[in-house]
Amino acid sequence: PPERQAGQVARLLALSGLVQIGPLAGFGAFSELERAGLSMILMATATASVATTSGYRHVFLAYALPMLLPLAAAWGFTGAAERSIAASVIGLLVLLYLGFLVGVSRQAARVFDEACRFRYGEQQLTRQLARALEDASQANQAKTRFLAAASHDLRQPLHSMNVLVATLGLRELDPATREVVTLL
C-alpha cells in the first residue's frame, strides 16, 4: 500500500538526513567559511526535497527536520561558545528558513493533492463519457433497426395496393373509375 511505502521512504530519508549531518560533530572546529559551506549544502538539499516529496509532507519533514534542527542548534551553540551574535542569528535564520520550507511543503502537498483529485475526476468523467457514447451508439443502432423494420412493414401493404390498382387498370372500366385508377 502507498501509505506503507511512504512510511518506509520517510524512515530512509530520516536516516539519510541524520547521516548528512555527521560533519556537524566537528562544527565548532570549522572555519566560518566551512560552516557556511556546510550550511548551504544542508539547506540546499532540504530545499530540493520540498519538490521531490511534494505529495507527502511527512516525508519532507522526516528528511528536513533531522538536518536543519541540528544545524540551527550547531550555529546557536557555536555562537554561545564564541560569544558571537552573528552565529546565533544564523542559527535563528536557519530555524526561520525551516519554517518557510514547512510552509512551502504544505502548499506543495496541497497542489499535489488537488492535481491528483483533478486527474481522478477527469478519469471518472472520461469513463462516464465513454459509457454515454456507447449507450448512444446502441440507441442509434436500435433506432436504425426499428426504422428498417417499420419501413418494410409499411411498404408491404402499399406494394400490395399498387399491384391491385395495376390489376384494376388492366380491366375495362367506366371512365370515372378509370380516372380514379390512373390517379393512384
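A few points on the structure. (Residues numbered from 1 in each chain as written. Predicted model: local features only at pLDDT ≥ 70, side-chain atom pairs only at ≥ 80, totals over all residues. Heavy atoms only, no water.)

## Describing the packing of aromatic side chains
Part 1 of the argument: The final tally for this structure, using the stated rule, is three aromatic pairs.
Part 2 of the argument: Note on Phe-27 and Trp-75: the rings are 5.1 Å apart at their centroids and 80 degrees apart in plane angle, and the pair reads as edge-to-face. You can see Phe-27 sitting in the loop between helix H1 (2-20) and helix H2 (32-52) and its partner Trp-75 sitting in helix H3 (residues 57-82), a full 48 residues away along the chain.
Part 3 of the argument: Over the ring of Phe-27 we find Arg-35; its NZ or CZ atom is 5.7 Å from the centre of that ring. (Phe/Tyr/Trp six-rings, centres within 6.5 Å; stacked < 30°, edge-to-face > 60°. Helix = DSSP H or I, 4+ residues; strand = E, 2+ residues; numbered from the N terminus. Lys NZ or Arg CZ within 6 Å of the ring centre and 35° of its normal.)

## A look at the packing of H3 against helix H4 (residues 85-170)
Part 1 of the argument: The contact between H3 and H4 brings their axes to 7 Å, and the two run at 170 degrees. Put simply, H3 runs roughly antiparallel to H4.
Part 2 of the argument: Residue classes in the contact of H3 with H4 are distributed as 18 nonpolar, five polar and two charged. (Axes fitted to C-alpha atoms, helices over the stretch in contact; angles between N-to-C directions. Parallel < 35°, antiparallel > 145°, perpendicular 65-115°, else oblique. Nonpolar A, V, L, I, M, F, W, Y, C, P; charged D, E, K, R; others polar.)

## Quick word on the packing of H2 against H4
Part 1 of the argument: With their axes 9 Å apart at the nearest point, H2 and H4 run at an angle of 15 degrees to one another. It follows from the interaxial angle that H2 and H4 lie roughly parallel. The hand of the H2/H4 crossing is right-handed. Taking contact as the criterion, the partners of Met-43, Ala-46, Thr-47 and Val-50 in H2 are, on H4, Val-94, Tyr-97, Leu-101, Val-104, Ser-105 and Ala-108.
Part 2 of the argument: The residue inventory of the contact of H2 with H4, partitioned by class, reads eight nonpolar, two polar and no charged. (Left-handed = near helix turned anticlockwise from the far one by under 90°. Contact = heavy atoms within 4.5 Å.)

## Re the environment of Thr-167
Part 1 of the argument: As for its position among the elements, Thr-167 is in helix H4.
Part 2 of the argument: The exposure class of Thr-167 is partly exposed, given its relative accessible area of 39%.
Part 3 of the argument: Sequence separation of Thr-167 and Gln-156 is 11 residues, and the distance between their C-alpha atoms is 17 Å.
Part 4 of the argument: From its side chain, Thr-167 meets the backbone oxygen of Val-163 in a polar contact 2.7 Å long. (Buried < 20%, exposed > 50% of the residue type's maximum accessible area, 1.4 Å probe, protein only. Polar contact = N/O pair within 3.5 Å; in protein donor to acceptor, adjacent residues only side chain to side chain.)

## Regarding H2
Part 1 of the argument: Here H2 spans 30 Å end to end across 21 residues, near enough to the 30 Å set by a 1.5 Å rise per residue.
Part 2 of the argument: Every buried residue of H2 is accounted for by Arg-35, Leu-38, Ser-39, Leu-42, Met-43, Ala-46, Ser-49 and Val-50. The arc that holds every buried residue of H2, seen down its axis, measures 130 degrees, which confines them to one face. Exposed residues lying more than 90 degrees from the buried face of H2 are Leu-33, Met-40, Ile-41, Ala-51 and Thr-52. (Expected span 1.5 Å × (residues − 1). Arc of directions from axis to C-beta.)

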